[in-house]
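Here is how the chains run, residue by residue.
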Number of protein chains: 2
Amino acid sequence: VQESVHNAVHELQTEVSRAALTVPMIATRAGVTPSTIYRRWGDLSELLADVSSQRLRPDSDPADHGQLRADLTQWLDQFVDEMASELGLAMVRDVLGSSTMGKVPCCTYTREAVSIIAERAIQRGEATPSVDTLMDHVVAPIMYRIIFGGETISTTYAHRLVDVCLTNLETLTPG
Amino acid sequence: VQESVHNAVHELQTEVSRAALTVPMIATRAGVTPSTIYRRWGDLSELLADVSSQRLRPDSDPADHGQLRADLTQWLDQFVDEMASELGLAMVRDVLGSSTMGKVPCCTYTREAVSIIAERAIQRGEATPSVDTLMDHVVAPIMYRIIFGGETISTTYAHRLVDVCLTNLETLTPG
């Protein structure tokens, strides 16, 4: 059931606008009854949040380039591409629009990726900002600009945030 | 019409859940026809976004305490209280859930408040971070943690972000 409903949503999202999407329409496409969907997901916004958070889950760990700055900047380039895309934005909105806010899964995925990169750098013996510092001073400004400002994120800007964290290691990291 | 519809939304929001709220329900309470609402706002999510962004508009300029750090921390305490409240979160979600994303008004109000504080400090001759720096390294981390992390923001943490900006003035501010 889960797979056929998710696939129905994927298909319909390419055919109709978000505003036109309804639970009965998805049920028909998936070959289930609307009540099956309501029972499992509650309502349309919860279903869309579930589908989107599955899509936001990364396929693999961030690539290992043997150096913290390279790992961070290359992962960030991908992250920005994904989040600033029309699909990415719509997914983030679906997830945020769900009433079961709390810990939003796409935030958890992002934190996991950053943790993997930081952990590797520590293993290599590199001076490494805390995961909190990287989330606060690299990820947060980028997401805020994308989501609240509707801004385009340049590579120069994103990489500068990384450099800010790497060069202000002591003052940014809480005692 | 605008006022009676906004008032109807305010009243109904205290009586029914967001999921139960409908355009016909709002129209009845406001004494207008549903088509009036659809014509003016498009759909429910646009109407809620409009109501919420009006509520997020601050009543007055940030207070002037005669010193940059005091102005920032005191404004921030209020901002965090407001944004982390149940109503604040619901409002931010309404605004983000609107399909006409782009420049989100509550982000504009925040930027305006920060600009007023920074401008005053410059007039006083204080060393002042740029508005971009304050948005990136104080406002963004707080909003990211509230919205994506569902976290509680402590005063200590919020004030530390202000201090990070004030003590790393040269490295944080782009050249």
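Predicted, not measured: the structure shown is a model, and the values here were computed from it.

Asker: Would you mind going over the overall build of chain A with me for this structure?
Answerer: Assigned secondary structure in chain A consists of 10 helices and zero strands. When the backbone C-alpha atoms are referred to their principal axes, chain A occupies close to 55 × 30 × 30 Å. Evaluated residue by residue, chain A yields a buried proportion of 48% over its 175 residues. Summarising the internal contacts of chain A: among those between residues at least 6 apart in sequence, 68% fall at separations of at least 24. Side chains of chain A carry 14 positive and 23 negative charges; the gap between the two charge centres is 4 Å.

Asker: Where do I start with the nonpolar core in this structure?
Answerer: Buried together is how nonpolar side chains tend to be arranged in soluble globular proteins. With 78 residues, the main nonpolar core has I142 of chain A together with I142 of chain B as its most contacted residues. Not counting residues up to four positions away in its chain, the partners in contact with I142 of chain B are L76, V80, I153, Y157, A158 and L161 of chain B.

Asker: What am I meant to see in the packing of aromatic side chains here?
Answerer: For any two aromatic rings, the description comes down to two numbers: the centre-to-centre distance and the angle of the planes. All names here are of chain A. Going through the model one piece at a time under the given rule, you end up with four aromatic pairs over all chains. Residues W75 and F79 carry aromatic rings whose centres are separated by 5.0 Å and whose planes lie at 25 degrees to one another, so their mutual orientation is stacked. Of this pair, W75 and F79 both sit in helix α5 (residues 68-84), four residues apart, which is roughly one turn of that helix. Accessibility expressed as a relative area gives 11% for W75, which makes it buried.

Asker: What should I look at first to understand the confidence of the model for chain A in this one?
Answerer: Where the model shows low pLDDT, its predicted coordinates should not be examined in detail. All names here are of chain A. Here chain A averages 87 in pLDDT, and 92% of its residues register 70 or above. Mean pLDDT across the elements of chain A bottoms out in helix α10 (residues 169-172) (71) and peaks in helix α2 (residues 23-30) (95). If you check the scores for this complex, the pTM reads 0.83 and the ipTM reads 0.82.

Asker: Explain helix α8 (residues 131-147) of chain B here, please?
Answerer: For an α-helix the count is 3.6 residues per turn, leaving residues at separations of three or four pointing the same way. Where α8 of chain B bends most, at A140 of chain B, the angle is about 35 degrees, and the proline P141 of chain B comes one to four residues later. With 16 of 17 residues buried, α8 of chain B is to be regarded as a mostly interior element.

Asker: I tried to follow the packing of helix α1 (residues 2-15) of chain A against helix α4 (residues 44-56) of chain A on my own but got confused; where do I start?
Answerer: Angle between the axes and distance between the axes are the two parameters that describe a pair of packed helices. Residues and elements named next belong to chain A. Their axes nearest at 10 Å, the elements α1 and α4 cross at an angle of 90 degrees. By the criterion of interaxial angle, the relationship of α1 to α4 is roughly perpendicular. Facing α1, whose interface residues are Q2, V5, H6, V9, H10 and Q13, α4 presents L47, L48, D50, V51, Q54 and R55. Considering only residue class, the contact of α1 with α4 consists of five nonpolar, five polar and two charged.

Asker: How do you make sense of the side chain of H6 of chain B when you look at a structure like this?
Answerer: Residues and elements named next belong to chain B. In this fold, H6 is placed in helix α1 (residues 2-15). Its relative accessible area of 6% is what places H6 among the buried residues. Engagement of the side chain of H6 in a polar contact is seen with the side chain of D50, the distance being 3.0 Å. Not counting residues up to four positions away in its chain, the partners in contact with H6 are W41, D50, V51 and Q54.

Asker: Honestly, the state of the cysteines in this entry has me stumped. Any pointers?
Answerer: When the sulfur atoms of two cysteines share a covalent bond, that bond is a disulfide. All told, the structure shown has zero disulfides over all chains when counted by the stated rule. The thiol of C165 of chain B is unpaired, and the distance to the nearest cysteine sulfur, on C165 of chain A, comes to 12 Å. A relative accessible area of 0% places C165 of chain B in the buried class.

Asker: I would appreciate a short explanation of the pattern of salt bridges in the present structure.
Answerer: If the charged atoms of two oppositely charged side chains come close together, the side chains can form a pair. For the structure shown, the criterion picks out 24 salt bridges over all chains. Among the ionic pairs, R29 of chain A bridges to E15 of chain A, the shortest N-O distance being 2.8 Å. Taken together, the residues R29 of chain A in helix α2 and E15 of chain A in helix α1 connect sequence positions 14 residues apart. Two residues, D64 of chain B and R124 of chain B, come together in a salt bridge whose shortest N-O distance is 2.8 Å. Linking D64 of chain B in the loop between α4 (44-56) and α5 (68-84) with R124 of chain B in helix α7 (residues 105-124), this pair joins segments that are 60 residues apart in sequence. By relative accessible area, which is 48% here, D64 of chain B ends up partly exposed. Put simply, D64, D71, R120, R124 and E126 of chain A are held in one network by salt bridges that share partners.

About the cut-offs
Residues numbered from 1 in each chain as written. Chains lettered and ligands numbered in written order. Predicted model: local features only at pLDDT ≥ 70, side-chain atom pairs only at ≥ 80, totals over all residues. Heavy atoms only, no water. Helix = DSSP H or I, 4+ residues; strand = E, 2+ residues; numbered from the N terminus. Buried < 20%, exposed > 50% of the residue type's maximum accessible area, 1.4 Å probe, protein only. Contact = heavy atoms within 4.5 Å. Lys, Arg positive; Asp, Glu negative; His and termini not counted. Charge placed at Lys NZ, Arg CZ, Asp CG, Glu CD. Core = buried A, V, L, I, M, F, W, Y, C linked by side-chain atoms within 4.5 Å. Phe/Tyr/Trp six-rings, centres within 6.5 Å; stacked < 30°, edge-to-face > 60°. pLDDT = per-residue confidence, 0-100. Bend = angle between axes of the 7 residues up to and from the residue. Axes fitted to C-alpha atoms, helices over the stretch in contact; angles between N-to-C directions. Parallel < 35°, antiparallel > 145°, perpendicular 65-115°, else oblique. Nonpolar A, V, L, I, M, F, W, Y, C, P; charged D, E, K, R; others polar. Polar contact = N/O pair within 3.5 Å; in protein donor to acceptor, adjacent residues only side chain to side chain. Disulfide = S-S within 2.5 Å. Salt bridge = Lys/Arg side-chain N within 4 Å of Asp/Glu carboxyl O.

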